[in-house]
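Here is how the chains run, residue by residue.
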Amino acid sequence: MDELNQDTIAKLNKTAKEAVKYAQAKYSHFKVGAALLADSGEIFPGTNVESSSYSLTLCAERVALVKALSEGTTRFKAISIFAEKLDFCPPCGACRQLLYDYAPDIDVYLTNGSEYKKYSLKELLPHAFDESQLKNI
Ligand SMILES: [Zn+2]
């Protein structure tokens, strides 16, 4: 993955942080924002959306990804994640898997609003299950 310039990283992290204001987290009060950067340069923000049936809750990362995919955007460079009450909130396992299915080569930025940590998705989800395992069924 090509390195992003500092302005792009800053914009991506800022978008993730700003997305938090729309988080639907009335049960956990754990508000998360994400920002997914497409190859085109467009940024898709997302927030967590909770349900009273807790297992239906969607994380910010998956919301951002689904928004982009459902609007016809399928190629991505990076995602940034910001949590209001936690420094450097990592994506959960479900988000790692869905991101891997659609964007295995992206970088993942975890930001606290002023600093960030960068990982590759493959670093966060080693030995991933993917479509190659389905080809021999
Ligand atoms: Zn998640």
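Heads up: these notes are all about the structure in this document.

Rules used throughout
- Residues numbered from 1 in each chain as written.
- Predicted model: local features only at pLDDT ≥ 70, side-chain atom pairs only at ≥ 80, totals over all residues.
- Heavy atoms only, no water.
- Phe/Tyr/Trp six-rings, centres within 6.5 Å; stacked < 30°, edge-to-face > 60°.
- Helix = DSSP H or I, 4+ residues; strand = E, 2+ residues; numbered from the N terminus.
- Buried < 20%, exposed > 50% of the residue type's maximum accessible area, 1.4 Å probe, protein only.
- Salt bridge = Lys/Arg side-chain N within 4 Å of Asp/Glu carboxyl O.
- Pairing = 2+ DSSP bridges.
- Right-handed = clockwise from strand over helix to strand, strands pointing away.
- Arc of directions from axis to C-beta.
- Contact = heavy atoms within 4.5 Å.
- Core = buried A, V, L, I, M, F, W, Y, C linked by side-chain atoms within 4.5 Å.

**Some remarks on the packing of aromatic side chains**
Then, in step 1: Under the counting rule described, the total for this entry stands at two aromatic pairs.
Then, in step 2: Ring centres 5.8 Å apart and planes at 50° place the aromatic pair Tyr27 and Tyr54 in the tilted group. Here Tyr27, found in the loop between helix 1 (6-19) and strand 1 (32-38), pairs with Tyr54, found in the loop between strand 2 (43-47) and helix 2 (60-70); they are 27 residues apart in sequence, far enough to count as distant.
Then, in step 3: Judged by its relative accessible area of 60%, Tyr54 falls in the exposed class.
Then, in step 4: Taking the centre distance of 5.4 Å and the plane angle of 65° together, the rings of Tyr109 and Tyr116 count as edge-to-face.
Then, in step 5: Overall, the relative accessible area of 32% leaves Tyr116 in the partly exposed class.

**Structural notes on the pattern of salt bridges**
Then, in step 1: On inspection of all chains with the given rule, the structure shows five salt bridges.
Then, in step 2: A salt bridge links Glu18 to Lys14; the shortest N-O distance between them is 3.1 Å. Residue Glu18 and its partner Lys14 are both found in helix 1; the two are separated by four residues, about one turn of the helix.
Then, in step 3: On the accessibility criterion, Lys14 (51% relative accessible area) is exposed.

**Considerations on the pairing of strand 3 (residues 76-83)**
Then, in step 1: Along strand 3, seven of the eight residues are buried, which leaves the element largely enclosed by surrounding structure.
Then, in step 2: Where strand 1 and strand 3 come together, seven bridges link them in antiparallel fashion. Across the sheet, residue Val32 finds its bridge partner in strand 3, namely Ala83.
Then, in step 3: Here five bridges tie strand 3 to strand 4 (residues 107-111), and the two strands are oriented parallel to one another. Bridge pairing in strand 4 links Ala78 to Asp107.
Then, in step 4: As a crossover connection, the stretch from strand 3 through helix 3 (residues 93-102) into strand 4 is right-handed.

**Let's talk about helix 3**
Since one α-helical turn is 3.6 residues long, residues separated by three or four positions face the same way.
Then, in step 1: Of the residues making up helix 3, those classed as buried are Cys95, Arg96, Leu99 and Tyr100. For helix 3, the arc enclosing every buried residue in end-on projection is 135°, short of the 170-degree limit, so these residues lie on one face.
Then, in step 2: Those residues of helix 3 that are buried are in contact with helix 2, strand 3 and helix 4 (121-124).

**Some points on the nonpolar core**
Then, in step 1: Leu36, Phe76, Ile79, Ile106 and Val108 are the most contacted members of the largest nonpolar core, which has 25 residues in total.
Then, in step 2: Every element with two or more residues in this core is listed here: strand 1, helix 2, strand 3, helix 3, strand 4 and helix 4.
Then, in step 3: With residues up to four places along the chain from it excluded, the contact list for Ile79 reads Leu12, Ala34, Ala35, Leu36, Glu61, Leu99, Ile106, Asp107, Val108 and Tyr109.
Then, in step 4: If you look at the next biggest cluster of nonpolar residues, it comprises eleven residues, including Ile9, Ala16, Val20 and Tyr109.

Everything listed is a geometric property; what it means functionally is a separate question.
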